[in-house]
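# Overview (structure and organization)
Here are the chains, one letter per residue:
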Amino acid sequence: MLLTREADLFEGSRGRLEAIAYRLLGSASDAEDVVQETYLRWQAADRAYVDAPEAWLTKVLTNLCLNQLTSARARRETYVGQWLPEPVLAGDPILGPADTVEQRESVSIAMLTLMERLTAKERVVYVLREAFGYTHHEIADLLDITESNCQQVYRRAKQHLAVERARIEVDEAAARRIVEEFLAAAVSGRTDELVRLLTDDATIIGDGGAFFATLNRPLVGAERIATFVRLAIKPTGAKWDKLGGKPTPYAAIVNGRPALVLVDEDRIVGVVVLEVTADGIAAMHAHVNPDKLAFANRQWATYAPGAPLPDLW
C-alpha cells in the first residue's frame, strides 16, 4: 500500500516534471528520460529525509537537467547542420500550462531556440519563474544560491530573451487558414506571393541533422527566403524520394504556433512551424530530421488532424 501511495504521488507530479524538463532541454524524448530517472531516484530515496516531496522531485529533476544541458552543449557543437528543439503537437501534457502569454511563449520553437543562448542556470531560473510561477526564494533553494543571486540571473536571462514583436494567438481554424495561405504562396511559383506574407527581416532555420541536408545557417530576408522556399518545396526531386515520395500536407498547431505538417503513409516526414506576428510571418522553423520527429510521430498515431490541405502540387 505504501509503495502504491508513493507511486501515485509521483504520477501526480509527472506532468509538471515533464513540462519543466521539456522547456529546459528542448527535447521531448530527453524530458521523458530525465523524468524516468527522477522516478528511479524517488523509489530509492529515504522518505525520512524528504519533507516536501514536490520540492524534492523538482530539485532532483532540475539537477539532472543541468547536467544534461552541459553535455547537450558539447553534442550540439558537433551536430550536423542547424539544431532545433523537438516539435510537439498541440494537446500533449508535456507542453505544460498555457494559461498566460508567458507560459505559451516559453514553449514556442522560437523561444526554445532562443533559450539556447542562456547558461544552464539562467535557463532553469527563467523557466521556473516565467512558466511555472516559482518565487525567487523557491528557485534559490532548488539551486542552492542566494535569493538576490537568483534575481540577478533572472534579469540577465530576460535581457537575453527580449522579444520585440508580439505573436498572434491562433486557434485550429486560424492555423489552417494561415498554413493554407502559406502553402499556396510557396507552390505558386511566384516569389512575390510569398514575400507578401513575410516580414522584411524574416528568418528560416532548417534542421535535417545528418539525414537531410538543409541550410548551413539561418537565412534572413523575405526575398531570399521566398526564392529558397519556391525551389525547395517543388514536389519533384531527390529530396522527396529520400522522404518517401510526395507527402500529404496538413495544418496543425505545434508548440502553440501554426504549422505545416507533411505526412507520408501515416508518418510525419516534415514540420514547418510559422512564427506569425501582426506584421506577417517572422520566422519559419523546418524540421526534417527523423530522429527529432519521433515524439511527434508517436503523437500522430492518435492525433485527429482534420482533413488534409488541398493538394496544390
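Since the structure is predicted, the reported quantities are computational estimates derived from the model, not experimental observations.

Once that is clear, we can look at the overall build of the chain. In terms of helices and strands, the chain carries 13 helices and six strands. Rg of the C-alpha trace for the chain: 20 Å, near the compact-globule value of 20 Å for 313 residues, within the 12% margin. Along the first, second and third principal axes, the C-alpha set of the chain runs to 65 × 40 × 40 Å. For the chain, the exposed surface amounts to about 14800 Å²; the carbon and sulfur share of it is 52%.

With that settled, consider the UniProt feature "domain: RNA polymerase sigma factor 70 region 4 type" (unreviewed entry) in the chain. Mapped onto the present numbering, the UniProt feature "domain: RNA polymerase sigma factor 70 region 4 type" (unreviewed entry) falls on residues 110-161. A helix fraction of 73% and a strand fraction of 0% characterise residues 110-161, whose end C-alpha atoms lie 10 Å from each other.

What follows is about the sheet that holds strand E4 (residues 257-264). The strand order across the open sheet formed by six strands is E2-E1-E6-E5-E4-E3, and the pairing between neighbours is mixed. The outermost strands of the open sheet, each flanked by one partner alone, are strand E2 (219-220) and strand E3 (248-254). As judged from the six bridges shared by E4 and strand E5 (residues 267-277), these two strands associate in the antiparallel manner. Bridge pairing in E5 places Val261 opposite Val271.

Turning to its location among the elements, Val187 is positioned in the loop between helix H9 (172-186) and helix H10 (191-195). Residue Val187 is classed as partly exposed on the basis of its relative accessible area of 24%. Sequence separation between Val187 and Ala232 is 45 residues, and the spatial gap between their C-alpha atoms is 9.7 Å.

Quick look at the UniProt feature "domain: RNA polymerase sigma-70 region" (unreviewed entry) in the chain now. Taken from the UniProt record, the annotation "domain: RNA polymerase sigma-70 region" (unreviewed entry) applies to residues 9-73. Taken end to end, residues 9-73 is 85% helix and 0% strand, and its first and last C-alpha atoms sit 33 Å apart.

In this section: the packing of aromatic side chains. Considering all chains together, one arrives at five aromatic pairs under this definition. For the pair Phe10 and Tyr39, a centre-to-centre distance of 4.9 Å together with 55° between the ring planes defines the contact as tilted. Of this pair, Phe10 sits in helix H1 (residues 2-25) while Tyr39 sits in helix H2 (residues 28-44), and the two are 29 residues apart along the sequence. Per residue, the accessibility class of Phe10 equals that of Tyr39, and both read buried. For the ring pair Tyr126 and Tyr154, a centre distance of 6.5 Å and an interplane angle of 25° mean the geometry is stacked. One end of the pair, Tyr126, is in helix H6 (residues 120-130); the other, Tyr154, is in helix H8 (residues 147-160), and 28 residues separate them in sequence.

Another aspect to go through is H8. In a regular helix each residue adds 1.5 Å, so 14 residues correspond to 20 Å; H8 covers 20 Å between its end C-alpha atoms and thus fits that length. Within the sequence span of H8, burial applies to Cys150, Val153, Tyr154 and Ala157. Take H8 and look down its axis: the buried residues cluster within an arc of 100°, on one side only. Elements in contact with the buried residues of H8: H6 and helix H7 (136-143).

Successive side chains on a regular strand alternate, one facing one side of the sheet and the next facing the other. A large share of strand E6 (residues 280-287) lies buried, amounting to eight of its eight residues. Where strand E1 (residues 198-207) lies against E6, six bridges are found, and the strand directions are parallel. From the neighbouring strand, Ile205 faces E6, where its bridge partner is His285. Here E5 pairs with E6 via seven bridges, running antiparallel. Across the sheet, residue Val271 finds its bridge partner in E6, namely His287. As consecutive antiparallel partners, E5 and E6 are separated by two residues.

Within the largest apolar cluster, 50 residues are counted, with the highest numbers of intra-cluster contacts made by Tyr22, Leu61, Met115 and Tyr126. Those elements giving two or more residues to this core turn out to be H1, H2, helix H3 (53-77), helix H5 (109-114), H6, H7 and H8. When residues of this core are assigned to their parent elements, the largest contribution, eight residues, is made by H1. Those residues within four positions of Leu61 in sequence are excluded, and the remaining contacts are Leu17, Ile20, Ala21, Val34, Val35 and Thr38. Membership of the second largest hydrophobic core comes to 28 residues, among which are Leu183, Ile225, Val229 and Leu309.

Looking at where His285 falls in the secondary structure, it is placed in strand E6. Beyond its immediate stretch of four places on either side in the chain, His285 contacts Leu84, Ile109, Ala110, Ile205, Val271, Val272, Val273 and Glu275.

The rules behind these values
- Residues numbered from 1 in each chain as written.
- Predicted model: local features only at pLDDT ≥ 70, side-chain atom pairs only at ≥ 80, totals over all residues.
- Heavy atoms only, no water.
- Helix = DSSP H or I, 4+ residues; strand = E, 2+ residues; numbered from the N terminus.
- Rg over C-alpha atoms; globule rule 2.2 N^0.38 Å.
- Areas by Shrake-Rupley, 256 points an atom, 1.4 Å probe, with all protein chains shown as cover.
- UniProt positions renumbered as here; feature names shortened; annotations may be inferred.
- Pairing = 2+ DSSP bridges.
- Buried < 20%, exposed > 50% of the residue type's maximum accessible area, 1.4 Å probe, protein only.
- Phe/Tyr/Trp six-rings, centres within 6.5 Å; stacked < 30°, edge-to-face > 60°.
- Expected span 1.5 Å × (residues − 1).
- Arc of directions from axis to C-beta.
- Contact = heavy atoms within 4.5 Å.
- Core = buried A, V, L, I, M, F, W, Y, C linked by side-chain atoms within 4.5 Å.

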